Amino acid sequence: MVRSRLRQLLNDLFPPAQAGARGAAAHRRFIDLAFEEAAASPHPKVQVGAVITTPDGRHMLACAYNGFADGVKCTPARLRSGQKSYWIMCAEKRALNFARQNMKRHGLFSLKGCRVYSTLDPCHTCADDLIAAGIARVYVPDAAHQHHPRLKEKWRKSIAVGAAKLREVGVPVTKLAYGARPVPKKRAKKTAPRKARKTARKKT
């Protein structure tokens, strides 16, 4: 939460140039932010990040990952197989909530015309929320499914229905040609084998 607010502050202080907001550089910038946000997700298998920008694409309104609603505890039991979907909110839903809290700072009274950048295509319920909010465009990596090989079949079907809903109401889903990008993970510290460490100590 603190990290998201810091990003929004930096975005307000140093917004991208208007020309860049329409180009590939701005798209990459927001997709990269979405991937970075996804890394904070507590979901053990499918980590998703979403960013919402102002209609002109110059300012980020909110960024979020798929996780627990504010105030809801994250416990191991709630992350078990068969329980996660009951507890975890989609990244798009959480981002919409945060964007509504921040929109007035940018002179907006609704999210109509805003853009969404997500690391994975919206599911059928997120599509409903995006449509209701008046989101104008959705951007996802062209190989989004490749970095989620453990995505269950039910969610693949849900995404297909979501795409159909967005298509019917005229909300374009643009596939950005960035290829598959794995969700960043914390690097483990490399340590030498115990025998090798003992040998090194003897030599010194």
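Now for a quick tour of the structure. (Residues numbered from 1 in each chain as written. Predicted model: local features only at pLDDT ≥ 70, side-chain atom pairs only at ≥ 80, totals over all residues. Heavy atoms only, no water.)

1. Some thoughts on the pairing of strand β2 (residues 60-65)
Inference 1: Counting buried positions along β2 yields six of six residues, so the element is predominantly enclosed.
Inference 2: Where strand β1 (residues 49-53) lies against β2, five bridges are found, and the strand directions are antiparallel. Opposite A50, over in β2, you have A64 as the bridge partner. (Buried < 20%, exposed > 50% of the residue type's maximum accessible area, 1.4 Å probe, protein only. Helix = DSSP H or I, 4+ residues; strand = E, 2+ residues; numbered from the N terminus. Pairing = 2+ DSSP bridges.)

2. So, the packing of helix α5 (residues 124-133) against helix α6 (residues 153-169)
Inference 1: In contact at an axis separation of 7 Å, α5 and α6 are set at 25° when each is read in the N-to-C sense. Classified by the angle their axes make, α5 and α6 are roughly parallel. Here α5 contributes H124, A127, D128 and I131 to the contact with α6, which in turn contributes S158, V161, G162, K165, L166 and V169.
Inference 2: The class makeup of the residues in the contact of α5 with α6 is five nonpolar, three polar and two charged. (Axes fitted to C-alpha atoms, helices over the stretch in contact; angles between N-to-C directions. Parallel < 35°, antiparallel > 145°, perpendicular 65-115°, else oblique. Contact = heavy atoms within 4.5 Å. Nonpolar A, V, L, I, M, F, W, Y, C, P; charged D, E, K, R; others polar.)

3. As for the layout of surface pockets
Inference 1: Roughly 530 Å³ of volume is contained in the largest pocket.
Inference 2: Lining the largest pocket are 28 residues; nearest its centre among them are H43, N66, S85, C90 and W155.
Inference 3: Among the secondary structure elements, those contributing two or more residues to the lining of the largest pocket are α3 (84-87), α4 (91-102), α5 and α6.
Inference 4: Counted by class, the lining of the largest pocket contains 13 nonpolar, seven polar and eight charged residues. (1 Å grid on protein atoms, 1.4 Å probe; cavity = no way out; pocket = protein on both sides within 12 Å on 5 of 7 lines; lining within 4 Å. Points joined across faces, edges and corners; volume = space filled by probe spheres on them.)

Note that every value here comes from positions in space, so none of it alone points to a role or purpose.
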